[in-house]
Amino acid sequence: MALGLAALALAWATVGLTAPPAAATDGVDTYGLERASNPDWMGRLPDSTALTDLSIPGTHDTMARAVTPIAETQESDLPQQLRSGIRALDIRLRHIGDVFTIHHGVVYLNKNFTDVMRETTDFLKEHPRETVLMRLQKEHTEENVTRTFEQTLKWYVESNPETAGLMRQYLWRPKSVNDPFPSLGETRGKIVFLQNFDSSEPFGLRWSRSDMDIEDHYEVPTVFHISRRWDNARTQLEKLKNPAAGKMYVTHFSGASLGAFPDAVAGGVLGIEGVNSRGHAYLQSVNAPCAPQRCLKKTGTVMMDFPGPDLVNRILQYNDTLR
């Protein structure tokens, strides 16, 4: 790892850079998310709308901000993301000392699961017609634990005095992890967990089940592979010209490695266009006047690093036909 970091630093120094820079065009692809204001966009849609029919902007490694460049994936904090219209979150839980801290790999993100629940439910309290999808998964290593991951989550849901009351009021729970995806009317004002771990009882719906189609080619060896990262995302989006009924499609715009930091992949570097601006241009062009078979019916859920306001707003415009 040390040799890899040293080689990367030398490579950036060779081209006169100390780290991958932010995107040059603020707002079109990355950064400036505070300029998007969509706190109640779901409230304008019918209760009968299926969650699988929505076009949902989401954030990859939602809480990874103000940390090391290789681990940082977001500029905006969680409350700002929610106000801008983000409705799909990616929460990584490290099980340590019988509680959950929030991590991106080995990096502690200066937040705990209680913080995430408070900030999300504070938003839902003010915007009761919205729904938040929250992918939960294990991250890093367990340490100093006396119970299982599931038992600690159950404690947060049922017993922890700081979160149990919030969970009772704001957590939507199915009878089974394989229950069908609910309608928007069933989940208004609620958090829907997408659990990326096994459990003996359901806390939410299973991530990566048979009625989910997920693209996540996150490995981008160098910045010169950004175009390949976009090709994978575009191929996934193309499926949404003729999507299967009742299936949730998830496309990741995110990617990283020691040779391509997250903000370089998202926003571009060295004259290479980033995935976010490519995605924005694609979503804008593909819904220009076209034959019905060549138009996207929706975007599905799009998980992004450093999303800008134009990209978020563009995704949300695909919901206009649902009104």
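Caption draft 1: Just the pairing of strand β10 (residues 248-252), in detail. The element β10 is largely enclosed, with a buried count of 5 among its 5 residues. Along β10, one buried face is formed by Met248, Val250 and His252 and the opposite face, lined by Tyr249 and Thr251, is buried too. Relative to β10, strand β9 (residues 212-215) runs parallel, the two being bridged by 4 bridges. If you follow Asp213 over to β10, its bridge partner there is Tyr249. Once the chain exits β9 it traverses helix α7 (residues 226-238) before rejoining the sheet at β10, and the crossover so formed is right-handed. Taken together, the 3 bridges between β10 and strand β13 (residues 301-304) define a ladder with parallel strand orientation. When the bridges of β13 are listed, His252 appears paired with Met303.

Caption draft 2: Seen up close, unusual backbone geometry. Located in the positive-phi region is Ala66, a residue other than glycine, with phi close to 60 degrees. Locating Ala66 in the fold gives a position in the loop between β1 (56-59) and α2 (78-84). Looking at Ala66, the relative accessible area reads 59%, which means it is exposed. The backbone of Ser208 sits at a positive phi, close to 65 degrees, despite the residue not being glycine.

Caption draft 3: View of the side chain of Thr251. Summarising the element assignment, Thr251 is placed in strand β10. Classification of Thr251 as buried rests on a relative accessible area of 0%. Aside from chain neighbours lying at most four places away, what touches Thr251 is Glu215, Ala233, Gln236, Leu237, Thr301, Val302 and Met303.

Caption draft 4: Region of interest: the pattern of salt bridges. Taken as a whole and judged by the stated rule, the model has 20 salt bridges. Note that Arg87 and Glu130 form a salt bridge whose closest N and O atoms lie 3.0 Å from each other. Within this pair, whereas Arg87 is found in the loop between α2 and β2 (88-96), its partner Glu130 is found in the loop between α3 (113-126) and β5 (131-138), the two being separated by 43 residues in sequence. Of the two residues, Arg87 and Glu130, neither departs from the other in class, the shared state being buried. Through salt bridges with shared partners, a single ionic network connects Asp61, Asp90, Arg92 and Glu139.

Caption draft 5: Looking closely at the environment of Phe193. With respect to the element layout, Phe193 can be found in strand β7 (residues 190-195). Those residues in contact with Phe193 that sit more than four places away from it in its chain are Phe113, Met117, Met134, Leu136, Met167, Leu171, Phe203, Gly204 and Leu205.

Caption draft 6: Structural detail: the packing of helix α9 (residues 275-285) against helix α10 (residues 309-317). Axis separation between α9 and α10 bottoms out at 10 Å; the angle between their running directions is 35 degrees. Relative to α10, α9 is oriented so that their crossing is left-handed. Residues Asn276, Gly279, His280, Leu283 and Gln284 of α9 lie in contact with α10, whose contacting residues are Asp310, Leu311, Arg314 and Ile315. Among the residues making up the contact of α9 with α10, the classes are represented as 3 nonpolar, 4 polar and 2 charged.

Caption draft 7: Main features of the packing of α7 against α9. Between α7 and α9, whose axes approach to 10 Å, the crossing angle comes to 35 degrees. The handedness of the crossing between α7 and α9 is right-handed. Of the residues in α9, those touching α7 at Ile226, Ser227, Arg229, Trp230, Arg234, Leu237 and Glu238 are Val275, Arg278, Gly279, Tyr282 and Leu283. Of the residues contributing to the contact of α7 with α9, the split by class is 6 nonpolar, 2 polar and 4 charged.

Caption draft 8: Structural context of the environment of Ser55. Here Ser55 lies in the loop between α1 (2-14) and β1. When the C-alpha atoms of Ser55 and Val302 are compared, they prove to be 7.9 Å apart, with 247 residues separating the residues in sequence. When near neighbours in sequence (up to four residues on either side) are disregarded, Ser55 contacts Trp41, Lys298, Thr299, Gly300, Ile315, Leu316, Tyr318 and Asn319. Within the structure, the side chain of Ser55 is placed 2.9 Å from the backbone nitrogen of Thr299, a separation counted as a polar contact.

Caption draft 9: Inspection of the confidence of the model for the protein chain at higher detail. Per-residue pLDDT for the protein chain averages 91, and the proportion of residues at 70 or more is 89%. Counting interchain partners and residues more than four positions distant, the pLDDT-below-50 stretch residues 1-25 has 29 contacts.

Caption draft 10: Quick look at the packing of aromatic side chains. On inspection of all chains with the given rule, the structure shows 10 aromatic pairs. An angle of 35 degrees between the planes, with centres 4.7 Å apart, marks the rings of Phe100 and Phe149 as tilted. On the criterion of sequence distance, the pair formed by Phe100 in strand β3 (residues 99-104) and Phe149 in helix α4 (residues 149-158) is long-range, its members being 49 residues apart. For Phe100, a relative accessible area of 0% translates into the label buried. For the pair Phe113 and Phe193, a centre-to-centre distance of 6.5 Å together with 40 degrees between the ring planes defines the contact as tilted. Of this pair, Phe113 sits in helix α3 while Phe193 is found in strand β7, placing the two residues 80 residues apart along the sequence. Accessibility expressed as a relative area gives 0% for Phe193, which makes it buried. The ring centre of Phe181 lies 4.6 Å from the NZ or CZ of Arg209, which sits over that ring.

The rules behind the values
- Residues numbered from 1 in each chain as written.
- Predicted model: local features only at pLDDT ≥ 70, side-chain atom pairs only at ≥ 80, totals over all residues.
- Heavy atoms only, no water.
- Buried < 20%, exposed > 50% of the residue type's maximum accessible area, 1.4 Å probe, protein only.
- Helix = DSSP H or I, 4+ residues; strand = E, 2+ residues; numbered from the N terminus.
- Pairing = 2+ DSSP bridges.
- Right-handed = clockwise from strand over helix to strand, strands pointing away.
- Contact = heavy atoms within 4.5 Å.
- Salt bridge = Lys/Arg side-chain N within 4 Å of Asp/Glu carboxyl O.
- Axes fitted to C-alpha atoms, helices over the stretch in contact; angles between N-to-C directions.
- Left-handed = near helix turned anticlockwise from the far one by under 90°.
- Nonpolar A, V, L, I, M, F, W, Y, C, P; charged D, E, K, R; others polar.
- Polar contact = N/O pair within 3.5 Å; in protein donor to acceptor, adjacent residues only side chain to side chain.
- pLDDT = per-residue confidence, 0-100.
- Phe/Tyr/Trp six-rings, centres within 6.5 Å; stacked < 30°, edge-to-face > 60°.
- Lys NZ or Arg CZ within 6 Å of the ring centre and 35° of its normal.

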